[in-house]
Amino acid sequence: EVQLLESGGGLVQPGGSLRLSCAVSGFSFTRYDMAWVRQAPGKGLDWVSSFTVSGDNTYYADSVKGRFTISRDSFKNTLYLQMNSLRADDTAIYYCAGGGHWGQGTLVTVSS
Amino acid sequence: DIQMTQSPSSLSASVGDRVTITCRASQGIRNDLAWFQQRPGKAPKRLIYATSTLQSGVPSRFSGSGSGTEFTLTISSLQPEDFATYYCLQHNDYPRTFGQGTTVEIK
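What counts and what doesn't
Residues numbered from 1 in each chain as written. Chains lettered and ligands numbered in written order. Predicted model: local features only at pLDDT ≥ 70, side-chain atom pairs only at ≥ 80, totals over all residues. Heavy atoms only, no water. Phe/Tyr/Trp six-rings, centres within 6.5 Å; stacked < 30°, edge-to-face > 60°. Helix = DSSP H or I, 4+ residues; strand = E, 2+ residues; numbered from the N terminus. Buried < 20%, exposed > 50% of the residue type's maximum accessible area, 1.4 Å probe, protein only. Lys NZ or Arg CZ within 6 Å of the ring centre and 35° of its normal. Contact = heavy atoms within 4.5 Å. Buried area = accessible area lost by both parts, 1.4 Å probe. Salt bridge = Lys/Arg side-chain N within 4 Å of Asp/Glu carboxyl O. Pairing = 2+ DSSP bridges. Axes fitted to C-alpha atoms, helices over the stretch in contact; angles between N-to-C directions.

Trainee: How should the packing of aromatic side chains be read in this particular structure?
Mentor: Centre-to-centre distance and the angle between the planes together describe a pair of aromatic rings. All names here are of chain B. Scanning all chains against the criterion turns up 7 aromatic pairs over all chains. On the numbers, 6.4 Å between centres and 40 degrees between planes, the contact of F62 with Y86 is tilted. With F62 in strand β7 (residues 62–67) and Y86 in strand β9 (residues 85–90), this residue pair connects regions lying 24 residues apart in the sequence. Take F62 and Y86: they sit in the same class, and that class is buried. The ring of Y94 is capped by R96, whose NZ or CZ atom sits 3.8 Å from the centre of that ring.

Have a look at this one:
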């Protein structure tokens with residue numbers, strides 16, 4: 001069974017940092033591009049970042065470029081999102097996705 | 001950046017109705033388009049990829065068509081479990097971009 005399990009969300013003050021993790025099981029993690037997608041409360045889906053299979057390239061939305069870093073650990077089958085300099089408008093559910101599969105999401109709340 | 005314009009933003013329909021949702025890309029994206037369904041409080045679920053390929057396990061009443069800049073998701077006979085929000089996504093170029101979403105409500 002395919003599972004993507006996000007963790008690491010929580011409440012953080014503006015300017016703070018969090019690292020999200022996405023543990024993948026049930027499919028070949030290194031065969032697919034992986035991505036983080038977020039959804040602010042009551043809003044639509046918003047692509048955040050991708051890690052590609054070919055060339056280990058990384059891409060970011062302009063809104064997070066320079067603040068967020070995507071990475072993966074192939075041995076642990078885990079995708080990460082390091083989030084620094086967090087702002088109130090980063091508040092959202094963060095989903096991990098890849099190979100057509102999605103996790104259940106982890107909530108990040110940025111507030112003082 | 002490629003802009004995805006999805007329409008309508010919402011619609012009301014009855015069980016058994018045929019429903020069509022459209023996404024228009026601001027430039028050609030070949031067939032690099034996927035459709036997702038999101039029920040309230042749940043994670044999105046991919047229904048269709050590469051414009052018209054049905055994800056394994058998705059009912060055949062869902063279908064996708066189009067190419068270039070104009071794409072369509074059709075539900076041939078709406079079922080109670082289909083009341084949800086639907087999103088298109090272009091995966092032709094970065095940044096990836098979603099449509100604004102279409103909420104299908106019960107009439």
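Trainee: I keep staring at the interface of chain A and chain B and nothing clicks. Help me out?
Mentor: Put simply, an interface is often sized by how much accessible area is lost when its parts join up. Chain A puts 17 residues into the contact, and the matching count from chain B is 12 residues. Carbon and sulfur atoms supply 64% of the area buried between chain A and chain B, which totals about 1200 Å² over both sides. When the buried area of chain A at its contact with chain B is split by residue, L45(A), W47(A) and W102(A) rank highest and sum to 47% of it. Run the count over chain A and chain B and you get 0 salt bridges.

Trainee: Help me out: how do you make sense of the sheet that holds strand β8 (residues 78–83) of chain A in this one?
Mentor: Paired through backbone hydrogen bonds, the strands of a sheet run either parallel or antiparallel to each other. Residues and elements named next belong to chain A. Pairing is antiparallel across the open sheet formed by 4 strands, whose spatial order is β1-β3-β8-β7. Of all the strands in the sheet, just β1 (3–7) and β7 (68–73) have a single pairing partner and so form its edges. Across the sheet, the mean angle separating the axes of adjacent strands is 15 degrees when strand polarity is ignored. Of the pairings in the sheet, the one linking strand β3 (residues 18–25) to β8 comprises 6 bridges and is antiparallel in character. By the bridge assignment, L20 is partnered in β8 with L81.

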